[in-house]
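Results of the structural survey
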Amino acid sequence: MVEIDHFSYGWLTPAVAYAMSFTGSLLGLRCMSRVRSGSPFDGWLIAASVAIGGTGIWVMHFIAMLGFRINGAAIRYDVPITLISAAIAMVVVWLGLCLAQQRSLGNRGLLIGGVVTGLGVGAMHYAGMYAMKTDVEIGYDWPTVALSMVIAVFAATAALWFTLNVRGTLSTVGAAMVMGVAVAGMHYTGMYAMHIGTHHATPPTGAGAAQLLTPLIVSVSLVTVGMLFHLGLTEVNAGATALSRRPATDTYWPTRD
């Protein structure tokens, strides 16, 4: 009997996937705290979109997929669609952040941005699943798919609210932990919606998981590390600049008559 195994490496892949989601969310929150303009092309806003969409969402999804197996079936990945799914994740997060920070829209901007981003994250997830090719028939339980989309919208709305309102180290870390749980919850709900049927006669075509996903994940992770390093340097420089601008205090030496 053909069976699905989401945890073929035990808890290793879920743990690493959550760690990357947390890291991407944390970096995105720190980048958003640096945004000073309402421009959609603000460098820090774009960096936040790459961090949350690329590392926090897309990398999390495909690290989790490294632990996915269909016993007795081969799995391959369509390279162009896999890359498109990464672009979808980053673009929808960027669009959601742009909408959420529009003061003219008020709370509607947050809600609209949350819906757009949530639906986009769901589209990224199922595009990633569509990129997965196998020699068994794959189907979905549509009520569970709908539930995963609802979770994605709520998670995206909460994430956008965090990016606009959370400041301070402990609050940022806590928000990133919640965002990581929400992204992982959406992913595994969507995976639970999947069921398998009969074998196909022809084997699947495409790249193997290790051949395709490992270099992509490593590349995005290196970009994340570089962004963390740059963010740390700018914070150090900002602190040094603030100290240098403090007014000097005059020192008076007592004199004797």
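Our subject is the structure that appears above.
The structure contained in this document is the topic of the report that follows. If you're wondering where the values come from, they're calculated on a predicted model, not measured in any experiment.

1. Observations regarding the packing of aromatic side chains
Overall, the coordinates contain eight aromatic pairs when judged by the stated rule. Summarising the aromatic geometry, the rings of Phe7 and Tyr188 are spaced 5.7 Å apart at their centres and angled 25 degrees between planes, so their arrangement reads as stacked. Highlighted residues: Phe7 in the loop between strand 1 (4–5) and helix 1 (12–32) and Tyr188 in helix 6 (residues 169–192), separated in sequence by 181 residues. A relative accessible area of 33% means that Phe7 is categorised as partly exposed. Put simply, the rings of Phe7, Trp11 and Tyr188 pair up and form one aromatic cluster. Against the face of Trp44 rests Arg34, its NZ or CZ located 5.6 Å from the ring centre. Its guanidinium or amino end placed over the ring of Tyr130, Lys133 lies 3.9 Å from that ring's centre, counting from NZ or CZ.

2. Quick notes on the packing of helix 3 (residues 79–100) against helix 5 (residues 142–165)
Close contact between helix 3 and helix 5 brings their axes to 10 Å; oriented N to C, the two are set at 55 degrees. Accordingly, the angle class assigned to the pair helix 3 and helix 5 is oblique. Crossing of helix 3 over helix 5 shows right-handed handedness. Along its contact with helix 3, which presents Gly96, Leu97 and Ala100, the element helix 5 presents Leu160, Thr163 and Leu164.

3. A word on the nonpolar core
Membership of the largest hydrophobic core comes to 62 residues, with the highest contact counts inside it found for Met65, Phe68, Tyr77 and Met132. Secondary-structure elements contributing two or more residues to this core are helix 1, helix 2 (43–66), strand 3 (75–77), helix 3, helix 4 (107–131), helix 5, helix 6 and helix 7 (209–244). For this core, the element with the highest residue contribution is helix 2, accounting for 14 residues.

4. Regarding the packing of helix 2 against helix 3
Any two packed helices are characterised by how steeply their axes cross, that is the angle between the axes, and by the distance between the axes. Contact pair helix 2 / helix 3: the axes reach a minimum separation of 8 Å and the direction vectors enclose 135 degrees. In terms of orientation, helix 2 and helix 3 fall into the oblique class. Crossing of helix 2 over helix 3 shows right-handed handedness. Residue-level inspection shows Leu45, Ile46, Ala48, Ser49, Val50, Ile52, Gly53, Gly54, Ile57, Trp58 and Phe62 of helix 2 in contact with helix 3, the latter providing Thr82, Ser85, Ala86, Ala89, Met90, Val93, Trp94, Leu97 and Cys98. For the contact of helix 2 with helix 3, the class distribution of residues is 15 nonpolar, five polar and no charged.

How each quantity is defined
Residues numbered from 1 in each chain as written. Predicted model: local features only at pLDDT ≥ 70, side-chain atom pairs only at ≥ 80, totals over all residues. Heavy atoms only, no water. Phe/Tyr/Trp six-rings, centres within 6.5 Å; stacked < 30°, edge-to-face > 60°. Helix = DSSP H or I, 4+ residues; strand = E, 2+ residues; numbered from the N terminus. Buried < 20%, exposed > 50% of the residue type's maximum accessible area, 1.4 Å probe, protein only. Lys NZ or Arg CZ within 6 Å of the ring centre and 35° of its normal. Axes fitted to C-alpha atoms, helices over the stretch in contact; angles between N-to-C directions. Parallel < 35°, antiparallel > 145°, perpendicular 65-115°, else oblique. Left-handed = near helix turned anticlockwise from the far one by under 90°. Contact = heavy atoms within 4.5 Å. Core = buried A, V, L, I, M, F, W, Y, C linked by side-chain atoms within 4.5 Å. Nonpolar A, V, L, I, M, F, W, Y, C, P; charged D, E, K, R; others polar.

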